[in-house]
Every structure is written in structure tokens, then in C-alpha cells.
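# Summary of structural features
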Amino acid sequence: LLRKIKKMNKYFNIKILLVLFSAFVLASCMTREKYERPKEVLNENLFRTDLLPKDSISMATVSWKEIFTDPVLQKHIATALENNLDVRVALQNINAADSYLKQSKAAYLPTLSAGPSYTFQTQSLNTQLGSIFGGQRNYINQFGISADIGWEADIWGKLKSQEKAQYANYLGTVSAHQAVKSDLVAAVASSYYQLLTFDDQKRIINATIALRKKNLETTSALKEAGTLTEVAVQQSQALVFNAQSMLIDIDVQIRTLENTLSLLMGEPSRAIERTTIDAQKMPASFALGYPANLLQNRPDVKSAEYQLMNAFELTNAAKAEFYPTLRITGSGGISSVDIDHLFSTKSLLANVVAGLVQPILNKRQIRTKYEVSLANKEIAYLNFRKSVLTAGKEVSDALNIYQSQDGFIDLKRKEMLAYKNSVAYSQELVNYGMANYLEVINASVNQLNAELNISNAEFSKLDAGIQLYKSLGGGWR
């Protein structure tokens, strides 16, 4: 009868444990929430364009080598991706995040520590314990070898949430690395095109200086002939000085930009090899794809969502702090006051403790941590939403400039041609004494400005193409 009772109690205890374990698992599933991407973040009007995509293909999936076909520029971009210090810093951030991720995965394992110990002890003779020993000083040497083990059960999914939070953080650093590379490709290409534009403007200014010097000779001859005065000669000379000063300013900007491009490539400042602005070609049109593509192509948008996922999982972990924690700890080893008997079976010791601890009063630390996690989750959501809106704005801005620049350049060419004809006609009239030389000066200044504006407009289109490619999420592949 006693055997049957013990057997029934044994089965009863097992059933209780199974029920408790099932309750813990069910409660864990109910406690930990699953992340879902906010649906209200994206909409199809994000790009502000009437050009509806025929499919979801985006130019961002094309390699930067297919966008920037200049072999010299390709060499500079490849060098920058290899040597740039910001890229190398981003790689180290990935390594650090990977270590934290490995640590979070190891959190499920028990902790174990072991090692030898030595204790020396002697009592005070002026205490009650000292008087018990007859006022004689005793010396105690104790030797031991022990090990401690501890394990926490992930009942409420806290460790799982922390692991997922670290995984999101790791993916965020990968996306941040991709964002650095995307920005780097765009910065190198933009600086390179700006250098070519300065070279083109330098050519324009040199041609203008030659023309103005020729006009100065003509003006001096007309003065000798009595057709013009010294005022016209001085004005012609001033125009030459003006163009020469502009040439110096262009040279300064070229050298400064070469230093900037050298820094992007992780090299000491030097002269930059380059071709000409006329050799540059950009795609006639860009396939935008759907706005949802930004979530796959834009590294900064991906990084912002990973930060939201990280904050979401940390909120789950903070919520789990309100529930009981099951910890099992144990220690064991050998201990003896006599080193000769240290490895005796009588020296063995062991201790196992299992406890379920429910936090009750902890100076509001758990609630504060949970409330802060909720605030951080909302901040991460707002940053994610802002990153998507910013991406849409950048695509819209770059697309607007890229599409409108051809018409702008065409009108500027017509304007420049009109000023060029005006210079020729006014100079001819001055030669015959039928016009004031001030008209030649105004026409010459306007012609130079028009030519420089055309050069700047051509750069603006190239740069808009770079920014459109980058804003769609290209460049880092």
C-alpha cells in the first residue's frame, strides 16, 4: 500500500511539473510580442511623379560601374571603397555588433567557474571564541578546489528578445556600412564631375582672357586713331584683370577639391587624374521602381527599421522583467584543512539551489526601464517614418532637377549665343564709332556668365543623376 501511495505521489508530482512547465511556455508566448512592419509608413505617392513604374525594378539594383562608365572615375571609386577610413570604421562596428550577437546567443547556456582556493584563519584571543580555546592561538589552513554553476530559464522570452534585439542591431551596422559606401560612391562621383566642370570653366575663362586681350589691343588702336578715349582702354584692361582673377579662383577651387577627393580615397593630397566633362554619359532615364523598394535598397531606411526592431525587442525584454525568474545554481568541490586529505571522498562537498524569484519592491527600476523602452520604441518608429519620407523627398528632388535640366541647358545655350552675337555686333559698331564701348563690356560680361552658367547646369544634371541613383538606394552593391 505504501509503495502504491509513493508511486501515485510520484506521478502526481510529475503531472504538476508538466502543468507548470506548460503554463510557463504558454505565458512566455503571450508575453513576447512579434514585430510587424508599420503599414502606414509607405504609400505609392512617395515619389511625387506621374511616371508610374511598369514594374518594381529599380535602377538602384544596377552596379555603380554601369552608371559611372568613365574608367578613370571607376578606378577612383574602387580605390575609395578599398581605402576610405569611414568604410573601415563601419566594418569595425560590424565586428563589434557581431560579438554582442554571439554573446546574446550564449545567454541560454549556464555559467560555470572553477578554481583552487586557500584560506588562512586565526581567531582573536580576546573574544569569547578565543577563551573557549583556552587562550591559545590556533592556526587553520584550509585548501579547496570548487566549481560554481548557474542557469536561468528563459520562461518569459526575455533572453530570446535580447538575442533578437542584438541581431537587429547587427543588421543595422551592416546597413550603416552599406550607407557609408553608398554615400562614398556618390561623393567621389560628384567631386570628380565637379573637377571636370572646373576644368571646363577654366577653358572658358582662358578663351575669354585671350579674346579680351585682343579686344584690348583693338581698343588701344582705336584710341590712337581718336575713335575711343582712355576710359574705354581702362575698361578693356579691367575686363582682362577680372577674367584673370576668376582663373586664379578656379585654380584654388580645383586644388581644394583634389585634396577632398584624395581624402575620400584615403590617400595624401595629390593631383587627381581625370578625363573631360564631354566624355561623361548618364542614363537617359532612371527606373524608379515602387516606393516599397526603398526598404530593400536604401541602407539608411533599412538601418532605421532595424533600430525600430531593436527597440521593439528591448521593450519585450523589459516587459519580461515584471515576471518571476527561475534560476538554478549549484556548487561543488573538495575542501580540507589538511592538504594530504584534500582528494579524499570525505572532502567532497555539493550544494544545489533552485529558486523562483518574483520582483516586488526594487525602487521602481523595472517599471522605469519598461517606460523608457516604450519611449525609445516610439522614437525609433518616428525616425523610421522620417527616413522613409526623407528618402521620398530626395528621389523627388533629384528627379525634378534631372528631368528639367535639359530644357534649362537648351535655353542657356540660346542665351549664350545671343550674347556672343551681341559682343560681335557691338564691337563692330564701336569700330565705326556708332556705339558706346560700355555696350561691348556689358555684352562680354553677360557672355562669360552665360557660358559659366551652362557649365554649371551640365554639372547639375550629372550631380542630379548621382543623387537620384543614390536616393533610390544604389551605389553600395
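Residues numbered from 1 in each chain as written. Predicted model: local features only at pLDDT ≥ 70, side-chain atom pairs only at ≥ 80, totals over all residues. Heavy atoms only, no water.

Another point: empty space enclosed by the protein. Tallied over the entire structure, the rule returns two cavities of 30 Å³ or more. Taken as a whole, the largest cavity holds about 100 Å³ of empty space. Surrounding the largest cavity, 14 residues form its lining, Glu152, Trp156, Lys158, Pro324 and Thr325 being those nearest its centre. Listed by contribution, the elements that provide at least two residues to the lining of the largest cavity are α6 (158–224) and β3 (325–336). Class assignment of the residues belonging to the lining of the largest cavity gives a composition of eight nonpolar, two polar and four charged. (1 Å grid on protein atoms, 1.4 Å probe; cavity = no way out; pocket = protein on both sides within 12 Å on 5 of 7 lines; lining within 4 Å. Points joined across faces, edges and corners; volume = space filled by probe spheres on them. Helix = DSSP H or I, 4+ residues; strand = E, 2+ residues; numbered from the N terminus. Nonpolar A, V, L, I, M, F, W, Y, C, P; charged D, E, K, R; others polar.)

Grouped together as the largest cluster of nonpolar side chains are 65 residues, with contacts concentrated most on Phe68 and Tyr193. For this core, the secondary structure elements donating two or more residues are α2 (64–67), α3 (71–83), α6, α7 (230–264), α8 (294–297), α9 (299–320), α10 (365–431) and α11 (437–471). In terms of residue count, the dominant contributor to this core is α6 (13 residues). Excluding residues that lie within four positions of it along the chain, Phe68 makes contacts with Leu73, Gln74, Ile77, Val185, Ala189, Tyr193, Met282, Ile466 and Tyr469. Counting residues in hydrophobic clusters, the runner-up holds seven residues, among them Ala232, Leu239, Tyr437 and Ile441. (Core = buried A, V, L, I, M, F, W, Y, C linked by side-chain atoms within 4.5 Å. Buried < 20%, exposed > 50% of the residue type's maximum accessible area, 1.4 Å probe, protein only. Contact = heavy atoms within 4.5 Å.)

This next bit is on the sheet that holds strand β2 (residues 139–152). In space, the four strands of this open sheet follow the order β1-β2-β3-β4, with antiparallel pairing throughout. Two strands close off the open sheet at either side, each with one partner strand: β1 (111–122) and β4 (348–357). Put simply, the sheet's adjacent strands are angled 20 degrees from each other on average, direction ignored. Sheet topology note: the β3/β4 ladder contains 10 bridges and is antiparallel. Following the sheet pairing, Ile328 is matched in β4 by Ala354. (Pairing = 2+ DSSP bridges. Axes fitted to C-alpha atoms, helices over the stretch in contact; angles between N-to-C directions.)

Our focus in this paragraph is the pattern of salt bridges. Counted under the stated rule, the structure contains 24 salt bridges. Residues Lys158 and Glu152 are paired through a salt bridge, measuring 3.2 Å at the closest nitrogen-oxygen approach. Residue class for Glu152 comes out partly exposed when judged on its relative accessible area of 21%. Lys158 is paired through a salt bridge with Glu321; the nearest N and O atoms lie 3.9 Å apart. A residue pair is termed long-range when its members are at least 10 positions apart, and Lys158 in helix α6 and Glu321 in the loop between α9 and β3 qualify at 163 residues. (Salt bridge = Lys/Arg side-chain N within 4 Å of Asp/Glu carboxyl O.)

On to a nonpolar patch on the surface, then. On the surface, Tyr118, Phe120 and Tyr139 cluster together to form a nonpolar patch covering roughly 380 Å² of accessible area. Position of Tyr139 among the secondary structure elements: in strand β2. (Patch = residues over 30% accessible without salt bridge, like charges linked within 9 Å, V, L, I, M, F, W, Y side chains within 5 Å. Areas by Shrake-Rupley, 256 points an atom, 1.4 Å probe, with all protein chains shown as cover.)

What follows covers the confidence of the model for the protein. Taken residue by residue, the protein gives an average pLDDT of 87. The fraction at 70 or more is 89%. Across the protein, the element-wise mean pLDDT spans from 52 in helix α1 (residues 2–31) up to 96 in α3. (pLDDT = per-residue confidence, 0-100.)

Here the focus is the pairing of β2. Pairing analysis gives 12 bridges linking β1 to β2, with the strands arranged antiparallel. Opposite Thr111, over in β2, you have Gly150 as the bridge partner. Relative to β3, β2 runs antiparallel, the two sharing 10 bridges. Its bridge partner lying in β3, Trp151 is registered against Ile328.

For the rest of this paragraph, the subject is the packing of α6 against α11. At their nearest, the axes of α6 and α11 sit 10 Å apart, and the two run at 170 degrees to each other. With respect to each other, α6 and α11 are oriented roughly antiparallel. The element α6 and its partner α11 pack so that their crossing is right-handed. In the contact of α6 with α11, the residues fall into 12 nonpolar, 11 polar and six charged. (Parallel < 35°, antiparallel > 145°, perpendicular 65-115°, else oblique. Left-handed = near helix turned anticlockwise from the far one by under 90°.)

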